[in-house]
Amino acid sequence: MADYFAATGTDITFYDTAAGTFTSSGQFGSDVNITDNDAGDNQFDTTEAIAFEIRTGPIGAQFIGSINIGGTDYPIVEVAVGNTYVAGIQLNSTTYPTLSSITSDPGFSTANFTVCFAAGTFICTALGARVVEDLKIGDEILSSEGQITRVKWIGRQTVHKLFSGPHMQPVRIRAGALGDGVPHTDLTVTADHGMLLDGLVINASALVNGHSIDWVPVDELPDQVTYYHIETENHDVILANGAPAETFVDAVTRKNFDNYQEYLDLYGAERFIPEMERPRISSQRLLPQAIRERLGFRDQSIPVSANRMG
């Protein structure tokens, strides 16, 4: 399922599809979530119905494409005839007279963004814990069950805070938030990175409870952050700061990593990695009640987004 979140205050550009010009720019006055109905992918496309969810409830809308500016994709959504917006950026009619003046793609993938570990994350290896940025291809790391697997590739992506937007705001999982001593120290991952809990693969963003698991405030982030993802032979569960977490699965495109050419030089072409046979949860509203209670959600019915972009 594709799911694009825009917090209150996120930039927005309005476009009059009838006139064919940008009309104004502003900011969202409330949290907005764009969701499609296809649980089988992370991709919006023009053939799928989507829901434009604001505080007053969901509104049926049409995804009409995406634009790429400065290396970042932004979704274009029509919420009514003649009323189209570009989420996440402010544009003007002088620089971009029409949508046709911008490179437009028919789809928009929520997998365009890394799902990775922040630098300094300790990964359990056959020789002890090592920080993720020091790992190399061929190194032996341990699965959560103690089995040895080898690193096939370390993907890296450097994110510039100025251009990243809310979709790249990382999540901080405090020590002990997932259980007794799990993780053993604070763990920072990107929002869509899957953590393993009760046999479920749960995106970190769905675990945010506003206290022990929360968004890292943007003003705490440096101007640029490098994230790392570990690829092994299979879609595995490894230990990051002692917490079970997923390895790379190719629902996330390798092309978005800075060192994608290195992968091609090593292996010639991308390979398919079947996703592990565990249910994945990408939204707070789908969390089992037992997990919500264990994680200490203060309001058991309303998803937490208190410190989003704070």
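Residues numbered from 1 in each chain as written. Predicted model: local features only at pLDDT ≥ 70, side-chain atom pairs only at ≥ 80, totals over all residues. Heavy atoms only, no water.

## Examining the overall build of the protein
Reasoning step 1: Counting its secondary structure elements, the protein contains 3 helices and 26 strands.
Reasoning step 2: A burial count over the protein gives 49% of its 310 residues as buried.
Reasoning step 3: When contacts within the protein are restricted to residue pairs at least 6 apart in sequence, long-range pairs at least 24 apart make up 62% of them.
Reasoning step 4: When the accessible surface of the protein is totalled, it reaches about 13,800 Å², and 51% of it is carbon and sulfur. (Helix = DSSP H or I, 4+ residues; strand = E, 2+ residues; numbered from the N terminus. Buried < 20%, exposed > 50% of the residue type's maximum accessible area, 1.4 Å probe, protein only. Contact = heavy atoms within 4.5 Å. Areas by Shrake-Rupley, 256 points an atom, 1.4 Å probe, with all protein chains shown as cover.)

## Regarding the pattern of salt bridges
Reasoning step 1: Per the stated rule, a full pass over the model turns up 12 salt bridges.
Reasoning step 2: Residue Glu-233 pairs with Arg-271 through a salt bridge whose shortest N-O separation is 3.8 Å. Of this pair, Glu-233 sits in the loop between β23 (224–231) and β24 (237–240) while Arg-271 sits in the loop between α2 (260–267) and β26 (280–281), and the two are 38 residues apart along the sequence.
Reasoning step 3: For Glu-233, a relative accessible area of 44% translates into the label partly exposed.
Reasoning step 4: One continuous salt-bridge network, built from bridges that share partners, spans Lys-152, Glu-231, Glu-233, Arg-254, Glu-270 and Arg-271. (Salt bridge = Lys/Arg side-chain N within 4 Å of Asp/Glu carboxyl O.)

## Side note on the environment of Ile-67
Reasoning step 1: Along the chain, the position of Ile-67 falls in strand β7 (residues 57–69).
Reasoning step 2: Exposure remark for Ile-67: the relative accessible area of 0% places this residue in the buried category.
Reasoning step 3: The spacing of Ile-67 and Ile-102 is 35 residues in sequence and 6.5 Å in space, taken between C-alpha atoms.

## Quick notes on a nonpolar patch on the surface
Reasoning step 1: A cluster of nonpolar side chains, contributed by Ile-137, Leu-266 and Tyr-267, occupies part of the molecular surface with about 250 Å² of accessible area.
Reasoning step 2: Its location among the elements puts Tyr-267 in helix α2. (Patch = residues over 30% accessible without salt bridge, like charges linked within 9 Å, V, L, I, M, F, W, Y side chains within 5 Å.)

## Structural notes on unusual backbone geometry
Reasoning step 1: Between Val-182 and the following residue, Pro-183, the backbone shows a cis peptide bond with an omega angle of -10 degrees.
Reasoning step 2: By secondary structure assignment, the location of Pro-183 is in the loop between β18 (171–173) and β19 (187–189).
Reasoning step 3: Even without being a glycine, Asp-198 presents a positive backbone phi close to 55 degrees.
Reasoning step 4: Mapping Asp-198 onto the fold places it in the loop between β20 (194–197) and β21 (200–203).
Reasoning step 5: Look at Asp-198 and you get partly exposed, because its relative accessible area is 48%.

## Points about the pairing of β24
The side chains of a regular strand alternate between the sheet's two faces.
Reasoning step 1: The alternating pattern of β24 places Val-237 and Leu-239 on one face and Ile-238 and Ala-240 on the opposite face, and all of these are buried.
Reasoning step 2: One ladder, built from 4 bridges, connects β24 with strand β25 (residues 243–246); its direction is antiparallel. Residue pairing in the sheet places Ile-238 in a bridge with Ala-245 of β25.
Reasoning step 3: Here β24 hands over to β25 after 2 residues, with Asn-241 in that stretch at a positive phi of 50 degrees. (Pairing = 2+ DSSP bridges.)

## A word on the confidence of the model for the protein
Reasoning step 1: For the protein, per-residue confidence averages 83 on the pLDDT scale, and 84% of positions sit at 70 or higher.
Reasoning step 2: Here residues 300–307 is a poorly scored stretch, pLDDT under 50, and it has 18 contacts once near neighbours within four places are set aside; other chains count. (pLDDT = per-residue confidence, 0-100.)

## Thoughts on the nonpolar core
Reasoning step 1: With 35 residues, the main nonpolar core has Phe-117, Ile-123, Leu-178, Ile-202, Leu-207, Ile-213 and Ile-230 as its most contacted residues.
Reasoning step 2: Judged by nonpolar contacts, the second largest core, of 14 residues, contains Tyr-4, Ala-6, Ile-12 and Ile-34. (Core = buried A, V, L, I, M, F, W, Y, C linked by side-chain atoms within 4.5 Å.)

## Let's talk about the packing of aromatic side chains
Aromatic rings considered in pairs are described by the distance between their centres and by the relative angle of their planes.
Reasoning step 1: One pass over the structure, following the stated rule, counts 6 aromatic pairs.
Reasoning step 2: For the pair Trp-153 and Phe-257, a centre-to-centre distance of 5.6 Å together with 85 degrees between the ring planes defines the contact as edge-to-face. Taken together, the residues Trp-153 in strand β17 (residues 153–160) and Phe-257 in the loop between β25 and α2 connect sequence positions 104 residues apart. Here Trp-153 and Phe-257 have matching classes, each one buried.
Reasoning step 3: Over the ring of Phe-297 we find Arg-292, and its NZ or CZ is 4.5 Å from the ring centre. (Phe/Tyr/Trp six-rings, centres within 6.5 Å; stacked < 30°, edge-to-face > 60°. Lys NZ or Arg CZ within 6 Å of the ring centre and 35° of its normal.)

## A short note on the side chain of Lys-152
Reasoning step 1: Relative to the assigned elements, Lys-152 resides in the loop between β16 (148–150) and β17.
Reasoning step 2: With sequence-adjacent residues up to four places away left out, Lys-152 is seen in contact with Ile-137, Glu-231, Thr-232, Glu-233, Tyr-267 and Arg-271.

## Some points on the environment of Gly-296
Reasoning step 1: One can find Gly-296 in the segment after α3 (289–295).
Reasoning step 2: Classification of Gly-296 as partly exposed rests on a relative accessible area of 27%.
Reasoning step 3: Along the primary structure Gly-296 and Asn-209 are separated by 87 residues, whereas in three dimensions their C-alpha atoms are 7.0 Å apart.

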